[in-house]
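# Examination of the molecular architecture
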Amino acid sequence: SLHRPISNKECVAQYKDESSMLRSRRDKMNTGEQTQHDQGIYSPNNEAQSTVFFLLVVLLSFSTRLYKIMEPPHVCWDETHFGKMGSYYINRTFFFDVHPPLGKMLIGLAGYMTGYDGTYPFLKPGDKYEHHNYWGMRGFCASLGSCLPPFAYLTVLELSQSLTAALITAAVLAFDTGCITISQYILLDPILMFFIMGAVLSMVKFNRQRYRPFSAPWWFWLVLTGVNLSGALGVKFVGLFVILLVGLNTARDLWSLLGDLHLSLMDFGKHLLSRVFGLILLPLFLYVTIFAVHFVVLNKSGPGDGFFSSAFQSRLIGNNLHNASMPEYLAYGSVITVKNLRIAGGYLHSHWHLYPEGVGAKQQQVTAYLHKDYNNMWLVHRPNDSDAQSGEPDLVRHGDIIRLEHKETTRNLHSHLHEAPLTKKHFQVTGYGINGTGDPNDLWQVEVCGGQKGNLVKVLRSKVRFLHRATGCVLYSSGKTLPKWGWEQVEVTCSPYLKETPNSQWNIEDHINTKLPNISLSVLKPHFLEILLESHIVMIRGNSGLKPKDNEMNSKPWHWPINYQGLRFSGVNETEYRVYLLGNPVIWWLNLVSLGLYVVMVAAASLALRRGVQLDKRRIGRKHCRVLLEGGGLLLLGWLLHYVPFYTMGRILYYHHYFPAMLFSSMLTGITLDTLLQSADLWLRPPYSHWLLRGGQAMLFLAILDSFYMFHPLSYGMRGPLAHDPDSTMAGLKWMDSWEF
Amino acid sequence: MLTSIKLPIVIRAEINLVLVVVTALGLLSRLYGINFPKAVVFDEVYYGQFVSLYTKQVFFIDESGPPLGHMILAFGAYLGGFDGNFIWNRIGAEYSSNVPVWSLRLIPALAGSLCVPLCYLLVVELGYSHLTALGAALLFLMENSLIVQSRFMLLESVLIFFLLLAVVSYLRFHNAQSDSPVRLAWLVLTGVTCACAVGVKYMGLFTYFLLLGLAAVHTWQLIGDRALSNVSSLGSFFCLSMNISSVVLMQVVGPHDQMMSSAFQASLEGGLARITQGQPLEVAYGSQVTLRSVSSKPMPCWLHSHKANYPIRYENGRGSSHQQQVTCYPFKDVNNWWIIKDPGRYLVVSSPPRPVRHGDVVQLLHGMTSRLLNTHDVAAPMSPHAQEVSGYIDFNVSMPAQNLWKVDIANREAEQEVWKTILSEVRLIHINTSAVLKLSGSSLPEWGYRQLEVVGDKIYKGYQPSGVWNVEEHRYGTSQEQRERELELHSPTHIDINRNLTFIAKFLELQWKMLTVKHEDSEHKYSSSPLEWITMNTNIAYWLHPASNAQIHLIGNFVTWTLANLALAVYVLLFLSYLLRRRRKIEDIPEATWCQLLQAGVVCAGGWAVNYLPFFMMEKTLFLYHYLPALTFQILLIPVVLEHLHTHMCASLRRALHGVVLAGLSSVYLSFRTFSPLTYGQPELSAEQLASLRWRDSWDILFRRR
């Protein structure tokens, strides 16, 4: 036979290995009490100590974040967006944003509770707040941001059972200027990170309850994990990464439960179902609830209408489709507006301006326009101009040949074999003729998608394509923006590629025909799930549409861990009050070094274990390996999940996207450095190793404190000359040329 | 030892006749009538350009992908004695008599035929029976899409060949006895073929990662084998990692490395090496140079100017300075020559030459038109946020010359570093406005002959390759007079490369326009999305006879595709059920069988996944043929799953399975037969026959009604 015995033997050997591990684990289970006791660095004394330290961490982190919270008293950076969106919730006007609504709803709620009335316009960064109550919103974000160090402290304490590791982590996060700055303003990031850390903490706590399944704390932490997951996803889609982390952790957990033969399949089923409930159904329900609240609160027409489909708009008070009534089927002689089905596709539009010299034929422009306008109106005609008829007008059917006349300019929708202005492989679409008389190139065949010959065209609900008779191409909106001559409206072309895409599908939105009976459109009101789906599609499109512009400096993911370049939150010049979002470089570089160290240490530890090196002469060595592999592994996975996906994203990226990953990296730093110092006795004899341990810890805390003292003006504001000036407060601290302070 | 010397020299040969037959069938199916049609078929139009460039020995930097594939195709052209004189501009164009169609298509076809025995070997190496392996080879043999793709000057078959060879040789390495010396050879072969696969298409990288992962797991098992001493396990670990990673890394880095590719081009006797040998290293005042943009997006090009001015008004109504155009031109041209001038001094190199150093201020004089490189506060034609760059013409309109540039060597090792040919990456910073000379990335409209736009960028930050230039061709200028200088510029740097420059210039211009059209729009009639590939919802018309109904399509064998999908689904089900049941200590199959199934899954299902799933992340235009490497691995899964079912079934079902296998094979054969006219392009079918072949509504089969 060709499969060699070696590989099989190995496979068997590995399998046996695993089963023996299982056996030992089962033994441990049987003597659960004893195991608990074994791990016990948890003595009552330690418990009290850790509580004291926890309170210290809470105090420190709240004081660093709430210090100078009112400064500067003007709009900083993205506050212009998120503050504005908070106001929209207070005013209940509909808007569009690429992120899910929870974060902005919470900001709005915080503002509302603290007496902000939603009247401040948040026009642009640098605008003064004056008498408006902004402290509530900032204070809310800062409070959530202040929870991060305590959460991290508890998480690391759970993972490593080491007070020093937890303290290192807490110090790193509490004294990082980047974390402080990003928590102090009206932004989504502190809210997002609060939920992410909350989910991680409750997941770790839940893992600790492994030996007491279905007890009250077990359920509590499970449900709390689920709640935090839905919160994280409800703020930004980045929450998906932490969901993935929890999912992987749960899968591993279930896998080990499945391998436990003492557990009957029934019990395993219970475990599985309870996790499905706590980690899938419950978060899903909460997430949907968030959107339900979002749609209920925002019921007035606002700046976001044009992004959504016609049916969606009919929900919004103040929109012309709200409570509207119109004839149900498209008829000849009707006045209509035609909307492209591409998300944010715009209405078919024309105006008196002609295409400029050199762009196809010099005829009237036809474009797609996102806003409602009188120039979006078109008249539906038969090819031969005989509309004058009495009685009920004829209805347009699938396969009919029609002519579309622009109501304002009386030109016909026309196409011919000239190349389109931007999409060179398509044909140009123009307005041609006068008073409705044109030529055979004005004829279009109506085709209802999925319809058959003779089907009627339903207003709003039918997807319609317009096929050009003469050339066989299909009316198409490319989504490209025309240059100035086209008023930066969207290009409309005639595409020779007949694949059905939303770009070539249109629907009839307004439909005016006095000779036909109107029906109420309230029947069209979309189902809640349809709205939910549509708003997600719009958000995802919007997200991927955030492409970097040519002349904009784009931040690259590899810049982030090395703290290459920060973000200007406020102010540029010497005279202004400047805040610069930049991580404390000492801390960030420490994190970076720790990542490398961690990989080396894990490689060494797992090789040693694999080769059966006698590490376990002393219990402590084995415990370190376990903390390093399990706790550290979980955190490394978290870091990877929150960092690596950015490399594949095509959208524009900013420095602050790294902060969730930075949380994980900081926790890993705590565990790595602590383990490194603790295992000093591997190569040093006892008195010296102890000195090294204490000395190292002291050095570490001093370095963190000192660097915080040096760099604190980044967060708490700088005035006066820039760093290159020797008189500046930051003189000599511009360690990298790319920093802009 | 002595006894072995006494033995006579003996060669014992074992020939696996099945392998021979399978190879012969493969050769027959792939090579039969490959010079039909004598016309450009589909993407041959694209690869043909590169082949021509290589055979005409024109220097160019190939940025379209890794170069090995193009080199392999060019080797075919070289064997056939192709002189490169053919205009690749239209699919379906008849080949002229100087094009050796047979030899151009020979190498891909050979690679495609050799895949058939490789499939056989792969399944055998996975530990399955010879009959199963034969089944795999037959299924692969009768796969219409793979046949079509092998029979033309295209690269997929070469890629598949390397991928299969890499997997086979790795399995050979793994299965070989640990002390045999041949073992190492297999490992080296794995590395080399992986490198070749990556060299043909970057997609090969993913299969390399798969093998690397497999090797890592195997090594980890080896390390865990405590029977081995520390030293030997470490030794084997190092041996494995060094071999695989070093060979491949070297090769992967290779294509990006200027020197590596130029070395190859030197071997084609027309490359960079010939251009650059004998050039002075240090750029001096008075040097005549061509400046190449370090960035190769959208394409590699040289700083260029010509006797045409910016239009007074652009189409959008904005005005320009109406001075001479400065562009970036992707082809060698006498108008790419510039002279580095000391402001206010002569144009010739003094003796000894005064080298230009980092931080020096220079003027750049366009050789043919004697205009100085200039930029000013006028918006550039296509990128209005940046400054226009022009050859300065004094129109007496109070627009003074601003033609001083500071030389900033980006990769300097010392201040005061001398500007070196090729090696130095230089930023040219404008003195008056501190704008940086930069390639904007957009191309000019018709008035600028669709050349690339060059601008002065005032908000330039950090290191952007588009703002960095290097000197590629260089000589010390000797003539002060304009007329003499023109003559000098027209004479090539070292040896005459382009005797008939005008023809080549036109030829290249044409090609370049075609390329830009290709780049501009990602929409294509036959493009498809990865989801459509699994069910073969799409096809590609490769060629259509200009007069008759004879045509060639990329359509797979529908039965095989369905069976492959089924096999994958069955495999996943089997795997999951075994996995879960084993976790509960219920062992349906022996340990060894489980390991074998696992390995087959990693290779076949894993090979399918790594060659398919990455396409979901790609934004480029995708075609059905991108799926073929994945399909190859998926097909191999069919016999593997069948054999597994066969061994672990009760006897009564076994007989039914025999019947199913026979029926399956014969329907595969029938389907192959039915579609072979579309595969080979002959015999011609009638319109009715063609219509009956349209098994799916989404297939695009063209026919003329007469």
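Residues numbered from 1 in each chain as written. Chains lettered and ligands numbered in written order. Predicted model: local features only at pLDDT ≥ 70, side-chain atom pairs only at ≥ 80, totals over all residues. Heavy atoms only, no water.

As recorded in an unreviewed UniProt entry, chain B goes by the name Protein O-mannosyl-transferase 1, listed as coming from Hucho hucho. Under Pathway (unreviewed entry), UniProt gives the following word-for-word description of chain B: "Protein modification; protein glycosylation." (UniProt positions renumbered as here; feature names shortened; annotations may be inferred.)

In the nomenclature of an unreviewed UniProt entry, chain A corresponds to Protein O-mannosyl-transferase 2 from the organism Hucho hucho. Recorded in UniProt for chain A, the comment headed Subcellular location (unreviewed entry) runs: "Endoplasmic reticulum membrane". In its Pathway (unreviewed entry) section, the UniProt record describing chain A reads: "Protein modification; protein glycosylation."

### Quick notes on the overall build of chain B
Of the regular secondary structure elements, chain B holds 21 helices and 14 strands. The 706 residues of chain B split such that 54% are buried. For chain B, the exposed surface amounts to about 30600 Å²; the carbon and sulfur share of it is 63%. (Helix = DSSP H or I, 4+ residues; strand = E, 2+ residues; numbered from the N terminus. Buried < 20%, exposed > 50% of the residue type's maximum accessible area, 1.4 Å probe, protein only. Areas by Shrake-Rupley, 256 points an atom, 1.4 Å probe, with all protein chains shown as cover.)

### Some words on the state of the cysteines
Inspection of the entire model under this criterion finds 2 disulfides over all chains. The disulfide bridge from C473 of chain A ends at C494 of chain A, spanning 2.0 Å between sulfur atoms. One quick way to see it: the torsion about the S-S bond of C473 of chain A and C494 of chain A is about 95°, and its sign makes the bridge right-handed. Here C473 of chain A is found in the loop between β10 (464-468) and β11 (474-481), whereas its partner C494 of chain A is found in strand β12 (residues 490-495), with 21 residues between them in sequence. One exposure class covers both C473 of chain A and C494 of chain A, and it is buried. Put simply, C301 of chain B and C328 of chain B are joined by a disulfide, and their sulfur atoms are 2.0 Å apart. Note on the C301 of chain B and C328 of chain B pair: the S-S dihedral is about 95°, so by sign convention the disulfide is right-handed. Here the residue C301 of chain B occupies a position in the loop between β1 (287-293) and β2 (302-309), and C328 of chain B occupies one in strand β3 (residues 324-329), the gap between them amounting to 27 residues. Note on accessibility: C301 of chain B and C328 of chain B belong to one class, buried. With no disulfide of its own, C179 of chain A has C147 of chain A as its nearest cysteine by sulfur position, at a separation of 13 Å. (Disulfide = S-S within 2.5 Å.)

### Let's talk about the side chain of R578 of chain A
Residues and elements named next belong to chain A. Mapped onto the fold, R578 is located in the loop between β15 (567-570) and β16 (579-581). Taking the relative accessible area as the measure of exposure, R578 reaches 4% and is therefore buried. In terms of polar contacts, R578 uses its side chain to reach the backbone carbonyl oxygen of G720, at 2.9 Å. A polar contact of 3.4 Å, which involves the side chain of R578, links it to the backbone oxygen of P721. Excluding its chain neighbours within four sequence positions, the residues that come into contact with R578 are S570, G571, V572, N573, P713, G717, M718, R719, G720, P721 and L722. (Polar contact = N/O pair within 3.5 Å; in protein donor to acceptor, adjacent residues only side chain to side chain. Contact = heavy atoms within 4.5 Å.)

### Re the UniProt feature "transmembrane region" (unreviewed entry) in chain B
Residue and element names in this part refer to chain B. As annotated in UniProt, the feature "transmembrane region" (unreviewed entry) corresponds to residues 68-88, 109-140, 152-171, 183-200, 558-580 and 622-642 in the numbering used here. From the first C-alpha to the last, residues 152-171 spans 30 Å; its make-up is 80% helix and 0% strand. Helix makes up 100% of residues 183-200 and strand 0%. Its end C-alpha atoms lie 26 Å apart.

### What about helix α6 (residues 135-146) of chain A?
Residue and element names in this part refer to chain A. An ideal rise of 1.5 Å per residue puts 16 Å on 12 residues; α6 measures up with 16 Å between its terminal C-alpha atoms. In terms of burial, α6 is largely enclosed, as 9 of its 12 residues are buried. Considered for burial, the residues of α6 that qualify are G136, M137, R138, G139, C141, A142, L144, G145 and S146. (Expected span 1.5 Å × (residues − 1).)

### Brief notes about the UniProt feature "transmembrane region" (unreviewed entry) in chain A
All names here are of chain A. Mapped onto this structure's residue numbering, the UniProt feature "transmembrane region" (unreviewed entry) falls at residues 151-175, 187-206, 218-251, 272-297, 586-607, 627-646, 658-679 and 691-711. In this annotation, residues 272-297 is assigned 100% helix and 0% strand; the end-to-end C-alpha distance for the span is 36 Å. For residues 627-646, helix accounts for 85% and strand for 0%, while the C-alpha atoms at its two ends are 28 Å apart.

### Describing the UniProt feature "domain: MIR" (unreviewed entry) in chain A
Under the feature "domain: MIR" (unreviewed entry), the UniProt entry names residues 327-383, 393-449 and 454-511 of chain A. In this annotation, residues 454-511 of chain A is assigned 0% helix and 43% strand; the end-to-end C-alpha distance for the span is 20 Å.

### Some words on the packing of aromatic side chains
In the structure shown here, the tally under the stated rule is 70 aromatic pairs over all chains. Here the aromatic rings of Y120 of chain A and Y129 of chain A are separated by 5.1 Å at their centres, their planes lie at 45°, and the arrangement is tilted. An identical accessibility class is assigned to Y120 of chain A and Y129 of chain A; each is buried. For the pair F575 of chain B and W594 of chain B, a centre-to-centre distance of 5.9 Å together with 10° between the ring planes defines the contact as stacked. Taken together, the residues span a long stretch of sequence, with F575 of chain B in helix α17 (residues 558-583) and W594 of chain B in helix α18 (residues 591-612) at a distance of 19 residues. (Phe/Tyr/Trp six-rings, centres within 6.5 Å; stacked < 30°, edge-to-face > 60°.)

### A closer look at the confidence of the model for chain B
Residues and elements named next belong to chain B. Per-chain confidence: chain B averages 79 in pLDDT, with 82% of residues scoring 70 or above. Of the regions scoring below 50 in pLDDT, residues 250-275 engages in 37 contacts with residues more than four places distant in sequence or in other chains. Interface confidence for the predicted complex, expressed as ipTM, amounts to 0.72; the pTM equals 0.71. (pLDDT = per-residue confidence, 0-100.)

### Remarks on the UniProt feature "domain: MIR" (unreviewed entry) in chain B
Residue and element names in this part refer to chain B. According to UniProt, the feature "domain: MIR" (unreviewed entry) maps to residues 280-343, 353-410 and 414-474 in the numbering used here. Summarising residues 353-410: 0% helix, 40% strand, and an end-to-end C-alpha distance of 23 Å. The span residues 414-474 carries 0% helix and 41% strand; its end-to-end C-alpha distance comes to 23 Å.

### A short note on the domain arrangement of chain A
Parsing chain A into structural domains produces domain 1 (62-292 + 564-714) and domain 2 (328-516). Taken over C-alpha atoms, the centre of domain 1 of chain A sits 52 Å from the centre of domain 2 of chain A. (Domains from an automatic or database assignment.)

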